[in-house]
Amino acid sequence: MKRILLAIVSLLLIAASASAIWAYRDLHVAVRHTKQGQYVEIPRGSSPATVVNKLADEGIIKHRWPLIVYLKLTARGSQLKSGEYDFPSPISPLAVFARLREGEQRLLRLTVVEGWTRWDISNAMFKIPELHLADPGAALPLMNNVSLISDLDPTATNLEGYLFPDTYEFPPDTKPAEIIGIMVKRFRKEWKPDWSIRAHELRLSPREVATTASLIETEAKLSSERPIIASVIYNRLQKRMALAVDSTVIYASKLEGKWRNDGKVYKSDVERRSPYNTRIHAGLPPGPIASPGKSSLEAALYPAQTDYLYYVREPSRNDGTHNFYSNESDFSLGVRALRNWEQQRDSMPLEDGAVKLR
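Rules of the game
- Note that residues are indexed from 1 along each chain, following the sequence as it is written.
- The predicted origin of the model limits local features to residues at a pLDDT of at least 70 and limits the giving and counting of side-chain atom pairs to 80 or more, whereas totals for whole chains, interfaces and linings rest on all residues.
- Derived side-chain values reflect all non-hydrogen atoms in the structure, with water molecules and hydrogen atoms excluded from consideration.
- In DSSP terms, a helix is any run of H or I states spanning at least four residues, a strand is any run of E spanning at least two, and both are numbered starting from the N terminus.
- The globule rule used here is 2.2 Å times the number of residues to the 0.38 power, and the radius of gyration it is set against is calculated over C-alpha atoms.
- Relative accessibility decides the category of a residue: with a 1.4 Å probe and only protein chains considered, values under 20% of the type maximum give buried, values over 50% give exposed, and everything between is partly exposed.
- Working rule for contacts: check all heavy atoms of both residues, and any pair within 4.5 Å makes them a contact.
- A positive count includes Lys and Arg, and a negative count includes Asp and Glu. His and the chain ends are not counted in either.
- We put the charge of a Lys on NZ, of an Arg on CZ, of an Asp on CG and of a Glu on CD.
- What the arc describes is the spread of directions from the helix axis to the C-beta atoms.
- Counted as salt bridges are all cases of a side-chain nitrogen of Lys or Arg within 4 Å of a carboxyl oxygen of Asp or Glu.
- Paired strands are those between which DSSP finds at least two bridges.
- We call Phe, Tyr and Trp rings a pair once their centres come within 6.5 Å, taking the six-membered ring for Trp, and we label the pair stacked below 30 degrees between planes, edge-to-face above 60, and tilted otherwise.
- Two thresholds decide whether a charge sits over a ring: the Lys NZ or Arg CZ must be within 6 Å of the ring centre and within 35 degrees of the ring normal.
- Nonpolar cores were defined as sets of buried Ala, Val, Leu, Ile, Met, Phe, Trp, Tyr and Cys residues, with membership established by side-chain atoms within 4.5 Å.
- Exposure above 30% relative accessible area and no salt bridge define the residues that can form patches, which grow by joining like charges within 9 Å and nonpolar side chains of Val, Leu, Ile, Met, Phe, Trp and Tyr within 5 Å.
- Computed by Shrake-Rupley with a 1.4 Å probe, the accessible areas treat only the displayed protein chains as cover when residues are assessed.
- Nitrogen and oxygen atoms within 3.5 Å of one another constitute a polar contact, given that in protein one can donate a hydrogen and the other can accept it, and given that sequence-neighbouring residues count only through two side-chain atoms.
- A residue's pLDDT is simply how confident the predictor is in it, with values from 0 to 100.
- One less than the residue count of a helix, multiplied by 1.5 Å, gives the span that helix is expected to have.

**As for the overall build of the protein chain**
Okay, so step 1: When helices and strands are counted, the protein chain shows 13 helices and eight strands.
Okay, so step 2: Over its C-alpha trace the protein chain gives a radius of gyration of 31 Å, far above what one expects of a compact globule, namely 21 Å for 358 residues.
Okay, so step 3: Within the protein chain, the fraction of its 358 residues that count as buried is 41%.
Okay, so step 4: Considering only contacts within the protein chain whose residues lie at least 6 apart along the sequence, 64% involve residues at least 24 apart.
Okay, so step 5: Side-chain charges of the protein chain comprise 48 positive and 41 negative groups, with the mean position of each set lying 6 Å from the other.

So, in structure tokens, the structure goes:
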């Protein structure tokens, strides 16, 4: 009988040891799953067993009991935190536990592109369901909170130009107005104290700098050309020449709700009697027309020193390169070369009443 009992005990010990070794290995070995990039929600108040069962049901872990036993033996079940988790693949159960101890909250992401207007930003915010915006223009009234920028620009009527382009991440419960505030705060972080000094040296207000930078942002494709385009703007301003920046024509039409957004600029757009239309009004428009990035702001503050008054896109290149001119006759030749290239590229005629941008 003793031999039988010893044999049974030995078998049990062997089985227990084998189970312990297997469980240890199971806890440490990373396994692949299909949930990477998807959020798994761990509700508040979930018991350790409930959490483990959900992880197994989602395929994050293969076996339930090793992790359950581990949590009981170590008394660490109470350390699991609720949240929305994106578990990488592969991952081990102990690595899963470590993330559950740290806690994780799903973050929403909004990318504001250089040169976007407040209409573009509002539309992008509308596409984030968690913000619960009723329509693409629902965030626009929030962009009228000029108290956020009144010390830097006391004449601002909205936040156009001060919603800094960047990628923003925020919790799902963030309010749209808070996101607007974060964008302005980002602009203020970029606007260094010596920039105000530099603006004063140029005899410009911060608003005029932001406005000039927004024109540069919508015109320049290459960072190397931004200071040169800035010089063209300032040279034309000095000579009281109309800036004739095409993006201001579009902006003027958007302000009046007349922009058709079909890729064409119409005669009615070009002739619109708006102070933002720099084809018919000399000087800077009343305010920014888009969100300028840092390089455009720097170009507005530190322009190149040139005698250029004109520029036109270089037709032989597809990277946004411009040719620059100091007289109208050379500029006209550059425009003619671009028009010839456009006609060869696209033989389809424009609709009646439509005109092409230069």
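**Here's the deal with helix H2 (residues 48–57)**
Okay, so step 1: Among the residues of H2, those classed as buried are Val51, Val52, Leu55 and Ala56. Viewed end-on, H2 has its buried residues packed into an arc of 135°, placing them on one side of the element.
Okay, so step 2: Check the buried side of H2 and you find it contacts strand S1 (40–42), helix H3 (65–74) and helix H4 (93–102).

**Considerations on the pattern of salt bridges**
Okay, so step 1: For the structure shown, the criterion picks out 18 salt bridges.
Okay, so step 2: Ionic pairing is found between Asp151 and Arg188, a salt bridge with its closest N-O pair at 2.6 Å. Of the two residues, Asp151 is situated in the loop between helix H5 (118–126) and strand S4 (167–170) and Arg188 in helix H6 (residues 176–190); the sequence distance between them amounts to 37 residues.
Okay, so step 3: Accessibility expressed as a relative area gives 57% for Asp151, which makes it exposed.

**Here's the deal with unusual backbone geometry**
Okay, so step 1: Cis geometry is found at the peptide bond from Ser89 to Pro90, where omega equals 0°.
Okay, so step 2: Residues other than glycine seldom take positive phi values, yet Ala75 does so here, at roughly 55°.
Okay, so step 3: With respect to the element layout, Ala75 can be found in the loop between H3 and strand S2 (83–85).
Okay, so step 4: If you check the backbone angles, Arg203 has positive phi at about 60° while not being a glycine.
Okay, so step 5: Within the fold, Arg203 resides in the loop between helix H7 (193–201) and helix H8 (206–219).

**Regarding the pairing of strand S3 (residues 108–111)**
Okay, so step 1: What you see with S3 is a clean split: Leu108 and Leu110 sit on the buried side and Arg109 and Thr111 on the side with no burial.
Okay, so step 2: Note: S3 against S4, four bridges, orientation antiparallel. The partner of Leu110 across the bridge, within S4, is Tyr168.

**Description of the packing of aromatic side chains**
Given two aromatic rings, their pairing is described by the distance between the two centres and the angle made by the two planes.
Okay, so step 1: Considering all chains together, one arrives at 11 aromatic pairs under this definition.
Okay, so step 2: When the ring of Trp191 is compared with that of Trp195, the centres are 5.5 Å apart and the planes differ by 85°; the resulting orientation is edge-to-face. This pair shows no difference in class: Trp191 is buried, exactly as Trp195 is.
Okay, so step 3: Summarising the aromatic geometry, the rings of Tyr310 and Phe331 are spaced 4.7 Å apart at their centres and angled 20° between planes, so their arrangement reads as stacked. Placement of Tyr310 in strand S6 (residues 310–313) and of Phe331 in helix H13 (residues 328–345) is noted, with a sequence separation of 21 residues between them. Residue Tyr310 shares its accessibility class with Phe331, and that shared class is buried.
Okay, so step 4: Among the aromatic residues, those joined into a ring-pair cluster are Tyr162, Phe187, Trp191 and Trp195.
Okay, so step 5: Between the NZ or CZ atom of Arg106 and the centre of the ring of Tyr39, over which it lies, the distance is 5.6 Å.

**Remarks on the nonpolar core**
Okay, so step 1: Leu110, Met125 and Met183 are the most contacted members of the largest nonpolar core, which totals 54 residues.
Okay, so step 2: When neighbours within four sequence positions are excluded, Met125 is seen to be in contact with Leu110, Leu131, Leu133, Ala139, Met143, Pro176, Ile179, Ile180 and Met183.
Okay, so step 3: Judged by nonpolar contacts, the second largest core, of 20 residues, contains Leu27, Val40, Leu71 and Phe97.

**Comments concerning a nonpolar patch on the surface**
Okay, so step 1: On the surface, a nonpolar cluster with roughly 420 Å² of combined accessible area is contributed by Trp22, Trp65, Val69 and Leu73.
Okay, so step 2: It is H3 that contributes the most residues to the nonpolar patch, three residues altogether.
Okay, so step 3: Counting through the fold element by element, Trp22 comes out in helix H1 (residues 2–28).
Okay, so step 4: Among the residues examined, Trp22 registers a relative accessible area of 35% and is labelled partly exposed.

**Here we look at the side chain of Glu190**
Okay, so step 1: Its place among the elements puts Glu190 in helix H6.
Okay, so step 2: Polar side-chain contacts of Glu190 include one of 2.4 Å to the side chain of Arg186.

**Here's the deal with the confidence of the model for the protein chain**
Okay, so step 1: Of all residues in the protein chain, 91% have pLDDT values of 70 or greater, and the mean over the chain is 89.
Okay, so step 2: The least confident element of the protein chain is strand S8 (residues 354–355), whose mean pLDDT is 37; the most confident is helix H12 (residues 294–301), at 98.
Okay, so step 3: Within the model, the stretch residues 348–358 combines pLDDT values under 50 with 29 contacts to residues more than four positions away or in other chains.

**Examining H8**
Given 3.6 residues to a turn, an α-helix orients residues that are three or four positions apart in the same direction.
Okay, so step 1: Its 14 residues give H8 an end-to-end C-alpha distance of 20 Å, which sits within 8% of 20 Å, the value for a rise of 1.5 Å per residue.
Okay, so step 2: Counting buried residues along H8, 12 of its 14 residues qualify, which places the element largely inside the surrounding structure.
Okay, so step 3: Taken together, the buried positions of H8 are occupied by Pro206, Arg207, Val209, Ala210, Thr211, Thr212, Ala213, Ser214, Leu215, Ile216, Glu217 and Glu219.
Okay, so step 4: Tucked into the core, H8 has its buried residues touching H7, helix H9 (226–238), helix H10 (246–255), H12, S6 and strand S7 (322–325).

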